[in-house]
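# Results of the structural survey
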Amino acid sequence: MHILALYSIKGGVGKTASAINLAAQASLDGQRVLIWDLDPQAATTFYLRNKPRIRGGGVEKLVKGKATLDKTIRATDMAGLDLLPAGLESREMDSLLEGRKASRLRRVLKPVSEDYDLVILDCPPGLTTLSKQVFSSVDALLVPVVPTTLSMRTLTQLQQHLDEEHITTPLWPFFTLVDRRRKLHQDSMAGFHEQWPARLSANIPYASAVEQMGVHQAPLVQFAPRTAAAVAYRNLWEEISGRL
């Protein structure tokens, strides 16, 4: 079972949309996929038409590894794609994880490690106790980057933080919300591959279809599979799958 995290220090860069669309593409590819919504805003949970509530004992039992995961995990409208939802109580994650050994999230998932090929974590922004646990639990960090100065600066800050903490989890950045009509975006993307050789080459365009995910409460493949954004996410998943 591989575990990947959609993570960024910065908010508003397309983490949730990317987590959902990559999970959907992986399930279409025959993978047994679990997406874990770690953000108290529960946007992933909403998009996948589930209620923001953690069954099976709540977030405390989940963190302690005492939750009954078959009661906590829920099915979605897509075959092969399940959800471990978030709720407002997910904001307690940081305090509950404080002082716990590294890779706690991987240990929480161990009981279902034979049930899934891939787990995708949709993470809240920021450098927190939760993010530290994410770093030590996943096989790679997928980092959405908007081609603007501030967004790219946070990617550098993230790499510096990992280096300072001696964390060797690989970073696989990729561009999101790309508008090639904007000179700033074009200039920001130029030379990025040389600076970040591990970056993923598929770029996710700024698209109204992605914004409509909230209206449809569904990934792009279910209501707009032929759009440029849907194709871009398919290409992105194929690249990630090849690396895995």
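Model, not experiment: these values are computed from the prediction.

## Considering the overall build of the protein
Along the protein, the regular secondary structure elements total 14 helices and seven strands. Each principal axis of the C-alpha distribution contributes one length, and for the protein these read about 50 × 45 × 30 Å. Here the protein holds 244 residues, and 52% of them are scored as buried. In the protein, 77% of the contacts between residues at least 6 apart in sequence involve partners at least 24 apart. Computed over 29 positive and 25 negative side-chain charges, the inter-centroid distance for the protein is 3 Å.

## Some points on the sheet that holds strand β3 (residues 74-75)
In sheet architecture, strand pairing relies on hydrogen bonds along the backbone and comes in two forms, parallel and antiparallel. Taking strand neighbours across the sheet as the criterion, the seven strands line up as β3-β4-β2-β5-β1-β6-β7 in an open arrangement whose pairing is mixed. If you trace the sheet from one side to the other, it starts and ends with β3 and β7 (171-175), each paired once. In this structure, strand β2 (residues 33-37) lies alongside strand β5 (residues 118-122), joined through five bridges in parallel fashion. Following the sheet pairing, W36 is matched in β5 by L121. Packed on one face of the sheet, helix α1 (residues 15-28) meets β1 (2-6), β2, β4 (81-84), β5, β6 (140-145) and β7 and runs near 165 degrees to β5. In this fold helix α14 (residues 228-243) packs onto β1, β5, β6 and β7, with an angle of close to 165 degrees to the strand it touches most, β7.

## So, the UniProt feature "domain: AAA" (unreviewed entry) in the protein
The positions UniProt marks with the feature "domain: AAA" (unreviewed entry) are residues 1-163. Across residues 1-163, the secondary structure splits into 40% helix and 17% strand, with the terminal C-alpha atoms separated by 26 Å.

## Comments concerning the packing of aromatic side chains
One pair of aromatic rings is described through two measures. These are the centre distance and the angle between the planes. Applying the stated criterion across every chain yields a total of four aromatic pairs. Their ring planes at 50 degrees and their centres at 6.1 Å tell us that F46 and Y47 sit as a pair that is tilted. Judged by relative accessible area, which is 43%, F46 ranks as partly exposed. When the centroid spacing of 4.6 Å and the interplanar angle of 50 degrees are considered together, the rings of F175 and F192 count as tilted. Placement of the pair is F175 in strand β7 and F192 in helix α10 (residues 192-195), with a sequence separation of 17 residues. The class of F192 is buried, set by a relative accessible area of 2%. Members of the aromatic cluster, each reached through a chain of ring pairs, are F175, F192 and W196. Looking at R243, its charged tip hangs above the ring of W172, at a distance of 5.1 Å from the centre.

## Some words on unusual backbone geometry
The backbone phi angle of S103 is positive, close to 65 degrees, even though this residue is not glycine. Tracing the chain through its elements places S103 in the loop between α5 (93-97) and α6 (104-109). Positive phi values are uncommon outside glycine, yet L177 reaches one of about 55 degrees. Structurally, the position occupied by L177 is in the loop between β7 and α9 (183-189). Residue L177 is classed as partly exposed on the basis of its relative accessible area, which comes to 29%.

## Considerations on the pattern of salt bridges
Under the counting rule described, the total for this entry stands at seven salt bridges. Across the pair R106 and D139 runs a salt bridge whose closest N-O atoms are separated by 3.3 Å. Here the residue R106 occupies a position in helix α6, and D139 occupies one in the loop between α7 (129-137) and β6, the gap between them amounting to 33 residues. Judged by its relative accessible area of 29%, R106 is partly exposed. Judged by its relative accessible area of 31%, D139 is partly exposed. With a closest N to O distance of 3.0 Å, R181 and D179 form a salt bridge.

## Thoughts on the nonpolar core
Counting residues in hydrophobic clusters, the biggest one holds 42 residues, and the most contacted among them are W36, L38, L62, M93, L121, V134 and L141. It is helix α8 (residues 149-164) that provides the largest number of residues to this core, a total of four residues. Leaving out residues up to four positions away in the same chain, L121 has contacts with I3, L4, A5, L6, W36, L38, L105, V134 and V138. Counting residues in each nonpolar core, the second largest holds 39 residues, with A17, A23, A140 and A209 among its members.

About the thresholds
Residues numbered from 1 in each chain as written. Predicted model: local features only at pLDDT ≥ 70, side-chain atom pairs only at ≥ 80, totals over all residues. Heavy atoms only, no water. Helix = DSSP H or I, 4+ residues; strand = E, 2+ residues; numbered from the N terminus. Buried < 20%, exposed > 50% of the residue type's maximum accessible area, 1.4 Å probe, protein only. Contact = heavy atoms within 4.5 Å. Lys, Arg positive; Asp, Glu negative; His and termini not counted. Charge placed at Lys NZ, Arg CZ, Asp CG, Glu CD. Pairing = 2+ DSSP bridges. Axes fitted to C-alpha atoms, helices over the stretch in contact; angles between N-to-C directions. UniProt positions renumbered as here; feature names shortened; annotations may be inferred. Phe/Tyr/Trp six-rings, centres within 6.5 Å; stacked < 30°, edge-to-face > 60°. Lys NZ or Arg CZ within 6 Å of the ring centre and 35° of its normal. Salt bridge = Lys/Arg side-chain N within 4 Å of Asp/Glu carboxyl O. Core = buried A, V, L, I, M, F, W, Y, C linked by side-chain atoms within 4.5 Å.

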